[in-house]
Amino acid sequence: RFRDLLLIGLHRLLPQTTALGRALANPAIFLVFAAVVLLRSHPGSEGAYQAWLTHHYERIASVTAQFRALHPSLPRGARVLIVKDPFGDSTWETYYILQLLYRDETLVVNRLGMMSPKPDAAALASYDHIFSFEDGRVVELSRPGQP
């Protein structure tokens, strides 16, 4: 509804902006536009936003470096299970980090917290690597039947 009002107001102010109005009608572009407007209309929040951004990207960089140190490369199509995700059970950061790090769209990345039902011993044995996030560190766990 807010978007519709914005489009009507924009068209009244600048009738020649029909293309801009259609672009703003795209929900993704509208959300980015709204975020920029809100950040600019609340300049006091810029510091908090920058602090959050710095903390979040430092964490992404740290987790990426830890995976790279454990395994500089993985075989194409490897199966990976994340037991305890460094970013929480309901996010996709670890999935995308691994996809981008290893540049492999065939890489299978499952997160235990999002799986239902949970894998049994036979299913666990099918994974090439099982990782967890313990005490701020990415660690590799052994699979059933391996030391």
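Check the entry above for the structure.
Residues numbered from 1 in each chain as written. Predicted model: local features only at pLDDT ≥ 70, side-chain atom pairs only at ≥ 80, totals over all residues. Heavy atoms only, no water.

**Q** Provide a residue-level description of the environment of R137, including the pertinent values.
**A** Inspection of the secondary structure puts R137 in strand β4 (residues 137-141). Residue classification places R137 among the partly exposed residues on the basis of a relative accessible area of 48%. Residues R137 and S62, 75 residues apart in the sequence, show an inter-C-alpha distance of 9.0 Å. Excluding residues within four positions of it along the chain, R137 makes contact with Q66 and S132. (Helix = DSSP H or I, 4+ residues; strand = E, 2+ residues; numbered from the N terminus. Buried < 20%, exposed > 50% of the residue type's maximum accessible area, 1.4 Å probe, protein only. Contact = heavy atoms within 4.5 Å.)

**Q** Mind laying out the pairing of strand β1 (residues 79-82), listing which residues take part and the relevant values?
**A** Judged from the four bridges that link them, β1 and strand β2 (residues 108-111) form a sheet pairing that is parallel. In the sheet register, R79 faces β2, and the bridge partner there is V108. Between β1 and its parallel partner β2, the chain crosses via helix α5 (residues 93-102), and the hand of that crossover is right-handed. Where β1 lies against strand β3 (residues 129-134), three bridges are found, and the strand directions are parallel. Following the sheet pairing, I82 is matched in β3 by F131. (Pairing = 2+ DSSP bridges. Right-handed = clockwise from strand over helix to strand, strands pointing away.)

**Q** Could you give an account of the environment of F131, with specific residues and numbers?
**A** Position of F131 relative to the elements: it lies in strand β3. Expressed as a C-alpha distance, the spacing of F131 and L141, which sit 10 residues apart in the sequence, is 5.6 Å.

**Q** So what's going on with the pattern of salt bridges? Residues and values would help.
**A** Counting across every chain of the model gives two salt bridges. In this structure, the salt-bridge partner of R76 is D104, at a minimum N-O distance of 3.0 Å. Pair noted here: R76 is in the loop between α4 (46-70) and β1 and D104 is in the loop between α5 and β2, with a separation of 28 residues, a long-range link. Assessed through its relative accessible area of 4%, D104 is described here as buried. A salt bridge links R76 to E105, with the nearest nitrogen and oxygen atoms 2.8 Å apart. Separated by 29 residues along the polypeptide, R76 in the loop between α4 and β1 and E105 in the loop between α5 and β2 bring together distant segments of the chain. Residue class for E105 comes out exposed when judged on its relative accessible area of 58%. (Salt bridge = Lys/Arg side-chain N within 4 Å of Asp/Glu carboxyl O.)

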